[in-house]
Amino acid sequence: MEKSLTPEESLQIIQRSISHSRRNMRDGSIYYLLWGWTLALGAIANYSLISYFISIEKYDATLYGSLLTWSAFVLGAMIIQYAVLERQKKGTKVKTHLDRYITIVWISAGVLIALIVFLCIKVSTFPTPFILGVTAMATAVSGLMVNFRPIIAGSLVFLVAA
């Protein structure tokens with residue numbers, strides 16, 4: 001027979017889950033920093049490249065130059081993330097439901113960004129504001145789920161940059 005929880009016990013379980021997720025977010029801050037810097041530097045490099053192509057009147061090269069720039073930055077970050085993940089595999093940590101939800105948010109954001117880039121190629125437009133907008137949304141959701149202010153602040157930076 002199952003034991004029913006008192007409201008205090010239920011609250012303690014919820015608080016512990018949020019605490020674990022917050023600690024996991026702090027421990028995983030390397031990924032937020034890695035991708036934050038990747039997107040920030042990618043956006044700056046992208047802007048610089050587009051400005052350069054426009055100044056030399058190579059308008060047809062701007063879109064493909066933009067996509068190539070983004071591809072290089074994202075591929076570099078993926079390689080770094082893989083290396084960090086391989087090092088961290090040794091230590092096991094508690095995975096909460098919130099951690100799983102945050103993972104789902106980021107997988108969904110990644111799929112959406114890939115779709116956006118594909119659509120931007122089709123309609124010949126630059127993906128930067130869309131990438132930054134989706135990133136702002138996913139970052140805000142992640143930070144708000146565990147009420148982690150540095151992540152929430154980072155989402156506002158991406159939103160303004162978008």
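The present account deals with the structure reproduced in this document. (Residues numbered from 1 in each chain as written. Predicted model: local features only at pLDDT ≥ 70, side-chain atom pairs only at ≥ 80, totals over all residues. Heavy atoms only, no water.)

### Thoughts on the overall build of the protein chain
Inference 1: Within the protein chain, the secondary structure is distributed over six helices and zero strands.
Inference 2: Among the 162 residues that make up the protein chain, the fraction classed as buried is 30%.
Inference 3: By sequence separation, contacts in the protein chain at least 24 residues apart represent 71% of the contacts at least 6 residues apart.
Inference 4: Taken as a whole, the protein chain presents about 10900 Å² of accessible surface, with 69% of it coming from carbon and sulfur. (Helix = DSSP H or I, 4+ residues; strand = E, 2+ residues; numbered from the N terminus. Buried < 20%, exposed > 50% of the residue type's maximum accessible area, 1.4 Å probe, protein only. Contact = heavy atoms within 4.5 Å. Areas by Shrake-Rupley, 256 points an atom, 1.4 Å probe, with all protein chains shown as cover.)

### Examining the nonpolar core
The tendency in soluble globular proteins is for nonpolar side chains to be buried as a group.
Inference 1: Of all hydrophobic cores here, the largest spans seven residues; its members are Leu39, Ala43, Trp70, Ile131, Leu132, Ala136 and Phe158.
Inference 2: Broken down by secondary-structure element, the contributors of at least two residues to this core are helix H2 (29-55) and helix H5 (128-146).
Inference 3: By size, the runner-up hydrophobic cluster in this structure holds six residues, among which are Val105, Ala109, Ile116 and Val134. (Core = buried A, V, L, I, M, F, W, Y, C linked by side-chain atoms within 4.5 Å.)

### A look at the packing of H2 against H5
Inference 1: Orientation of H2 relative to H5, taken along the N-to-C sense of each, is 160 degrees, at an axis distance of 11 Å. With respect to H5, the axis of H2 lies roughly antiparallel. Read as a crossing pair, H2 and H5 show a hand that is left-handed. Touching Tyr32, Leu39, Ala43 and Asn46 of H2 are Thr128, Ile131, Leu132, Thr135 and Ser142, all from H5.
Inference 2: Split by residue class, the contact of H2 with H5 holds five nonpolar, four polar and no charged. (Axes fitted to C-alpha atoms, helices over the stretch in contact; angles between N-to-C directions. Parallel < 35°, antiparallel > 145°, perpendicular 65-115°, else oblique. Left-handed = near helix turned anticlockwise from the far one by under 90°. Nonpolar A, V, L, I, M, F, W, Y, C, P; charged D, E, K, R; others polar.)

### Re the packing of H5 against helix H6 (residues 149-161)
Inference 1: Viewed as axis vectors pointing N to C, H5 and H6 meet at an angle of 165 degrees, and their least axial separation amounts to 8 Å. As judged from the angle between their axes, H5 and H6 are roughly antiparallel. Two packed elements cross with a definite hand, and for H5 against H6 that hand is left-handed. In this structure, H5 contributes Leu132, Thr135, Ala136, Thr139, Ala140, Gly143 and Leu144 to the contact, and H6 contributes Ile151, Ile152, Gly154, Ser155, Phe158, Leu159 and Ala161.
Inference 2: When its residues are assigned to classes, the contact of H5 with H6 shows nine nonpolar, five polar and no charged.

### Details of a nonpolar patch on the surface
Inference 1: On the surface, Leu33, Trp37, Leu41 and Ile44 cluster together to form a nonpolar patch covering roughly 440 Å² of accessible area.
Inference 2: With respect to the helices and strands, the residue Ile44 is situated in helix H2.
Inference 3: By relative accessible area, Ile44 is classed as exposed at 53%. (Patch = residues over 30% accessible without salt bridge, like charges linked within 9 Å, V, L, I, M, F, W, Y side chains within 5 Å. Salt bridge = Lys/Arg side-chain N within 4 Å of Asp/Glu carboxyl O.)

### Overview of H5
Inference 1: Taking 1.5 Å per residue as the helical rise, H5 with its 19 residues ought to reach 27 Å, and the 28 Å between its terminal C-alpha atoms agrees with that figure.
Inference 2: Turning to H5, its buried residues number three or more, namely Thr128, Ile131, Leu132, Val134, Thr135, Ala136, Ala138, Thr139, Ala140, Ser142, Gly143 and Val146.
Inference 3: Count one or two residues on from H5 and you reach Asn147, which has phi positive near 55 degrees. (Expected span 1.5 Å × (residues − 1).)

### A few points about the side chain of Ser66
Inference 1: Relative to the elements of secondary structure, Ser66 occurs in helix H3 (residues 62-88).
Inference 2: With sequence-adjacent residues up to four places away left out, Ser66 is seen in contact with Asn46, Leu49, Ile50, Phe126 and Pro127.

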